[in-house]
Amino acid sequence: MTLTDESTTESAPEIGRDRRRKEDQRLITGRTKWTDNIVLPGMLHMSMIRSPFAHATITNIDTSEAKSAPNVVAVYTGADLDESAGVLINAWPITPDQVTPVHPPIPADRVTFAGEIVAVVVARSAAEARDAAELVDVDYDELPAALDLKESAADTVLAHPDLGTNKSAYWVFDSAEAGTGGDVEEAIAKARVDGVVVEKEFRQQRLIPAFMEPRSVVVDPTGEQLTMWSATQVPHIVRFALAATTGVPESKIRVIAPDVGGGFGGKLQVTPEEWIAWWVARQVHKPVKYTETRSESLMAAHHGRDQWQKLTLSAEKDGTVTGFKVELLADLGSYISVVGGGVPVLGAFMFNSIYKFPAYHFACQTVLTNKAWTDAYRGAGRPEATFGIERMMDELAVAVGAEPMELRQKNWITHEEFPFTTVAGLEYDSGNYEAATEQAMANFGYDELRAEQKQRRDAGDPIQLGIGISTFTEMCGLAPSRVLGSLDYGAGGWEHASVRMLATGTVEIITGASAHGQGHETAFSQIVADRLGVPFEAVEVLHGDTAIASKGLDTYGSRSLVVGGEALVKAVDKVIEKAKPVAAHLLEASVDDIDFTAGQFTVAGTDQGLSIQEIAMATFAAHNLPDGMEPSLDSDATFDPINFNYPHGTHLCAVEIDTETGQVRMRKYTCVDDIGTVINPLIVEGQVHGGLVQGIAQALFEEAVYDDAGTLVSASFVDYLVPTAADLIHFDVSHKSTPSLTNTLGTKGVGEAGTIASTPAVVNAVVDAIRHLGVDDVVMPCTPERVWRAINDSKAGGAEPTTGDAAPHFDPSEGEAR
Ligand code: MCN
């Protein structure tokens with residue numbers, strides 16, 4: 001038995017069909033080209049020596065013993081690097097005066113986080129490289145490290161003393177200034193007199209995108225083009241950045257992302273490891289390979305989230321929201337990664353979510369610390385925003401004595417109001433929050449669970465039930481180039497596709513999106529099969545190699561289908577338009593009389609026709625083409641949408657909490673997502689499941705923990721708690737569809753939806769279960785210990801369960817210095 005479908009004889013439409021993924025046979029069995037499986041003649045191997053200190057001066061590196069170890073070819077330190085090694089780029093300086101540390105692939109004199117590379121050993125085998133790495137003797141003078149985010153924001157200790165501050169950029173959006181709404185301070189002041197003001201502080205803990213395949217890179221400098229294979233989400237961006245920073249012409253660079261085992265944003269990066277491999281290969285004139293260990297991956301691949309959120313929500317006494325003020329501190333780590341500074345900016349447009357807030361203010365101070373750099377992690381800015389607003393809606397419901405779902409309904413945009421311009425300045429094109437919510441509440445059994453909750457409370461049951469709501473929307477399909485430009489993002493947002501109709505009737509399509517687990521080969525084949533009227537199996541999807549897909553902007557921000565899929569539709573339509581005159585010529589009819597349906601060109605009003613495959617063969621033979629016609633049925637198209645894409649949904653979670661032990665057990669999880677037209681329901685369900693697990697993991701399990709010296713304590717899967725199937729329950733997943741108006745397929749992205757929605761649904765449920773015991777927040781992850789302490793501290797009276805952190809509250813006005 002194979003993992004893929006074998007027959008497709010039925011003529012049912014492909015779009016909307018549960019197709020097993022073409023790529024699964026090779027991905028699930030592992031019989032494929034992961035980067036680490038690549039072996040080239042004469043290939044050398046690298047091992048990295050990494051700093052054990054968070055912040056230290058390198059006083060000496062003795063490489064002599066390592067250099068004389070068996071089969072060691074070279075050992076390099078930061079002092080050996082020249083300009084051709086390039087630097088690592090930040091592609092999104094969010095303000096013109098952003099303070100950006102220079103990021104060399106290997107620093108020569110100072111390390112700024114535990115795990116930073118200080119030297120590299122190159123040897124004939126990976127084992128010999130690792131053994132010799134043990135012989136490199138590095139002397140450090142330890143420096144004070146900037147570790148705590150709030151203290152770092154106050155410049156108590158400097159992460160980069162030469163910069164004079166840890167404050168990198170202060171970014172503000174204000175609805176009164178933007179003309180999209182009123183003045184938030186006025187709204188809050190008024191509510192303090194005759195309404196309600198809810199103020200909370202939330203911690204978004206540091207997370208690690210724990211992809212299954214560790215990062216790996218191979219560089220071959222021996223051909224006409226220099227070739228890099230990398231386990232990356234972004235081969236095109238890597239090629240651009242190599243050209244821009246290492247002086248090698250872009251045309252001489254080929255970057256290949258072979259099969260990539262997950263990324264979740266964590267491989268959306270240009271990395272020191274890639275840059276070192278690039279430089280070393282050119283020094284030794286031989287191919288080199290580097291594959292990180294799991295601990296290296298957890299320590300030095302970029303981390304995600306890590307924010308303090310200070311939130312103020314003002315409302316009338318009946319719960320109608322009048323203003324929302326968001327003040328953030330965001331930890332960048334010790335360098336600013338490729339889009340790290342921009343992650344909170346993406347969130348800035350989403351804190352108002354599905355609601356009609358009349359006034360909104362967002363301010364974010366990004367801060368440098370001596371920890372691993374942070375960047376996009378599944379959702380990037382939008383999970384933080386959704387968490388903030390959905391937790392606040394629950395708190396407001398308590399403050400005004402409203403039922404939490406009814407409070408949401410009072411404030412949300414109704415389906416008649418679309419398209420709707422939000423207080424953050426976005427135009428939501430389509431959606432129906434009422435419909436998704438109604439279905440979710442019915443599927444969940446909302447009223448029955450509320451009744452059971454009351455029963456347990458009344459009975460003083462030690463196992464309490466909590467119900468959490470998250471009605472979310474997100475902006476995805478990261479695209480409109482003009483909008484990205486207005487936010488000072490360093491690239492555009494278009495996507496490219498090519499379609500090549502081959503002589504024998506099969507079709508090659510090339511996409512600039514670069515899948516790393518999402519199933520593009522299957523879903524994109526379904527789109528082409530339907531549109532071109534060819535069998536699903538006749539479509540071959542090529543991607544992830546800049547020599548094949550020379551144009552593209554890769555995969556992140558749930559953009560591949562809504563941007564890349566639409567580029568594909570345009571390219572297919574061009575092929576059909578190209579084929580039409582050939583059909584007319586062969587059928588001796590006028591082009592205007594030719595119809596195209598389900599793969600057949602017919603002369604209107606007759607039964608005369610030719611299939612697209614017959615036209616492909618005739619074009620290839622070129623014996624009888626219209627005058628001036630090129631003998632090819634190829635086309636290219638680029639799509640740059642006019643707007644983002646706004647999936648939404650209602651997620652409901654029930655948890656049971658053992659009030660004696662603090663143990664949280666998930667009881668039920670129901671979601672209804674609106675992602676417009678669904679191309680492949682099976683893939684979509686998988687995407688939602690994966691997304692939910694990662695959001696639930698933030699709520700209950702995962703946290704990157706540094707000790708007081710700045711060492712990552714959670715540097716293995718023993719300590720970094722990625723949940724397994726045994727920790728989770730069945731998810732009740734379904735859909736409602738209001739087609740998107742920003743692409744002809746009507747699709748909305750799904751890759752991040754589950755992650756964005758689920759974290760607040762779970763934490764709201766946890767708090768709801770024990771609120772009657774005096775708890776109004778539990779810091780994430782809501783471990784049994786934290787839940788138990790929250791209950792017991794509150795029983796004891798004087799506890800501060802809200803933050804669980806002894807650090808001083810931050811004063812965002814300090815940020816205005818920059
Ligand atoms: N799809 C569909 N119908 C829709 C929407 C999507 O059939 N209406 C299908 C698409 O054709 C695609 C998949 O669902 O096969 C995801 O599509 P999309 O929402 O366009 O997201 P991207 O392909 O751009 O993937 C990026 C997104 C992100 S940002 C993260 S993070 C993430 C994710 O996808 N990382 C993943 N899903 C992941 N899945 C796996 N296995 N591994 C990762 O690292």
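As the structure is a prediction and not an experimental result, all values here were calculated from the model. (Residues numbered from 1 in each chain as written. Predicted model: local features only at pLDDT ≥ 70, side-chain atom pairs only at ≥ 80, totals over all residues. Heavy atoms only, no water.)

1. Remarks on the overall build of the protein
In terms of regular secondary structure, the protein is built from 21 helices and 28 strands. What you see for the protein is a C-alpha radius of gyration of 28 Å, in line with the 28 Å of a compact globule of 818 residues. Its C-alpha atoms put the protein at 90 × 75 × 55 Å along the principal axes. Across the 818 residues that make up the protein, the buried fraction comes to 62%. For the protein, the proportion of contacts with a sequence separation of at least 24, taken over those separated by at least 6, is 79%. Entry remark: accessible area of the protein is about 29,200 Å², with carbon and sulfur atoms responsible for 51%. (Helix = DSSP H or I, 4+ residues; strand = E, 2+ residues; numbered from the N terminus. Rg over C-alpha atoms; globule rule 2.2 N^0.38 Å. Buried < 20%, exposed > 50% of the residue type's maximum accessible area, 1.4 Å probe, protein only. Contact = heavy atoms within 4.5 Å. Areas by Shrake-Rupley, 256 points an atom, 1.4 Å probe, with all protein chains shown as cover.)

2. Concerning the pattern of salt bridges
Applying the stated criterion to the full structure yields 49 salt bridges. Here arginine 17 ties to glutamate 14 by a salt bridge, and the two come within 3.7 Å at their closest N and O atoms. As far as the burial class goes, arginine 17 and glutamate 14 line up, both buried. Note that glutamate 273 and arginine 50 form a salt bridge whose closest N and O atoms lie 3.0 Å from each other. One end of the pair, glutamate 273, is in helix α8 (residues 272-284); the other, arginine 50, is in strand β1 (residues 44-50), and 223 residues separate them in sequence. Neither glutamate 273 nor arginine 50 differs from the other in exposure class; each is buried. One salt-bridge network, in which partners are shared between bridges, spans Glu452, Arg456, Asp461, Glu656, Arg665 and Arg667. (Salt bridge = Lys/Arg side-chain N within 4 Å of Asp/Glu carboxyl O.)

3. With respect to helix α17 (residues 560-587)
With 28 residues, α17 extends 38 Å from end C-alpha to end C-alpha; this agrees with the ideal 40 Å at 1.5 Å per step. Immediately downstream of α17, the backbone of glutamate 588 shows phi near 55 degrees, a positive value. (Expected span 1.5 Å × (residues − 1).)

4. Remarks on the site of the ligand
Around the ligand, the surrounding shell holds 31 residues, and the nearest of these are Gly263, Gln518, His520, Gln687 and Val750. In the model, an oxygen atom of the ligand is placed 2.9 Å from a nitrogen or oxygen of the phenylalanine 264 main chain. If the ligand stood free it would expose 840 Å²; the protein chains cover 95% of that surface. For the shell around the ligand, the leading source of residues is helix α19 (residues 681-700), giving 3 residues. Taken together, the residues of the shell around the ligand sort by class into 10 nonpolar, 17 polar and 4 charged. (Near = heavy atom within 4 Å. Polar contact = N/O pair within 3.5 Å; in protein donor to acceptor, adjacent residues only side chain to side chain. Nonpolar A, V, L, I, M, F, W, Y, C, P; charged D, E, K, R; others polar.)

5. A short note on the sheet that holds strand β15 (residues 360-368)
Strands sit in the order β7-β15-β14-β13-β8 across an open sheet of 5 strands; the sheet is mixed. Strand pairing shows two members of the sheet lacking a second neighbour, β7 (167-174) and β8 (195-207), which therefore form its edges. Strand-to-strand, the axes of this sheet are offset by a mean angle of 10 degrees, without reference to chain direction. Across 12 bridges, β8 lies against strand β13 (residues 304-316) in antiparallel orientation. Bridging across to β13, phenylalanine 202 finds its partner in glutamine 309. Packing against the sheet, helix α6 (residues 184-194) makes contact with β8, β13, β14 (321-333) and β15, and its axis sits at approximately 125 degrees to β8. (Pairing = 2+ DSSP bridges. Axes fitted to C-alpha atoms, helices over the stretch in contact; angles between N-to-C directions.)

6. A short note on the packing of helix α7 (residues 235-246) against α8
Geometrically, a packed helix pair is captured by the angle between its two axes and the distance between the axes. Here α7 crosses α8 at 60 degrees, and the two axes come no closer than 12 Å. On the basis of the axis angle, α7 is oblique to α8. Crossing handedness for the pair α7 and α8: right-handed. For the pair α7 and α8, contact is made by Val238, Ala241, Leu242, Thr245 and Thr246 and by Glu274, Trp275, Trp278 and Arg282, respectively. (Parallel < 35°, antiparallel > 145°, perpendicular 65-115°, else oblique. Left-handed = near helix turned anticlockwise from the far one by under 90°.)

7. Structural notes on the pairing of strand β2 (residues 56-62)
Here β2 runs beside strand β4 (residues 110-111); their pairing, made up of 2 bridges, is antiparallel. From the neighbouring strand, threonine 57 faces β4, where its bridge partner is arginine 110.

8. A few points about the side chain of aspartate 768
Considering the arrangement of structural elements, one finds aspartate 768 in helix α20 (residues 753-770). On the basis of relative accessible area, aspartate 768 is assigned to the buried category, the value being 13%. Within the structure, aspartate 768 has its side chain in polar contact with the side chain of arginine 450 (distance 3.2 Å).

9. A look at the sheet that holds strand β22 (residues 594-597)
Pairing between the strands of a sheet is mediated by backbone hydrogen bonds and can be parallel or antiparallel. Spatially, the 3 strands line up as an open sheet ordered β22-β23-β24, and their pairing is antiparallel. Looking at strand neighbours, the two that pair on one side only are β22 and β24 (609-611), the edges of this open sheet. Between one strand and the next, the sheet's axes are offset by a mean angle of 20 degrees, whatever the strand orientation. When strand β23 (residues 600-603) meets β24, the two strands line up antiparallel, connected through 3 bridges. Paired with threonine 602 across the bridge in β24 is glycine 609. Those strands touched by α17 are β22, β23 and β24, and its axis lies near 45 degrees from that of β23. Together, β22, β23 and β24 form the strand contacts of helix α18 (residues 612-621), whose direction differs from that of β24 by roughly 80 degrees.

10. Structural notes on the confidence of the model for the protein
Within the protein, residue pLDDT values average 95, and 96% of them lie at 70 or more. Contacts from residues 799-809, a stretch scored under 50 in pLDDT, to residues over four places away or in other chains number 21 contacts. Here residues 812-818 is modelled with pLDDT under 50, and outside its nearest four sequence neighbours on either side it reaches 15 contacts, counting other chains as well. (pLDDT = per-residue confidence, 0-100.)

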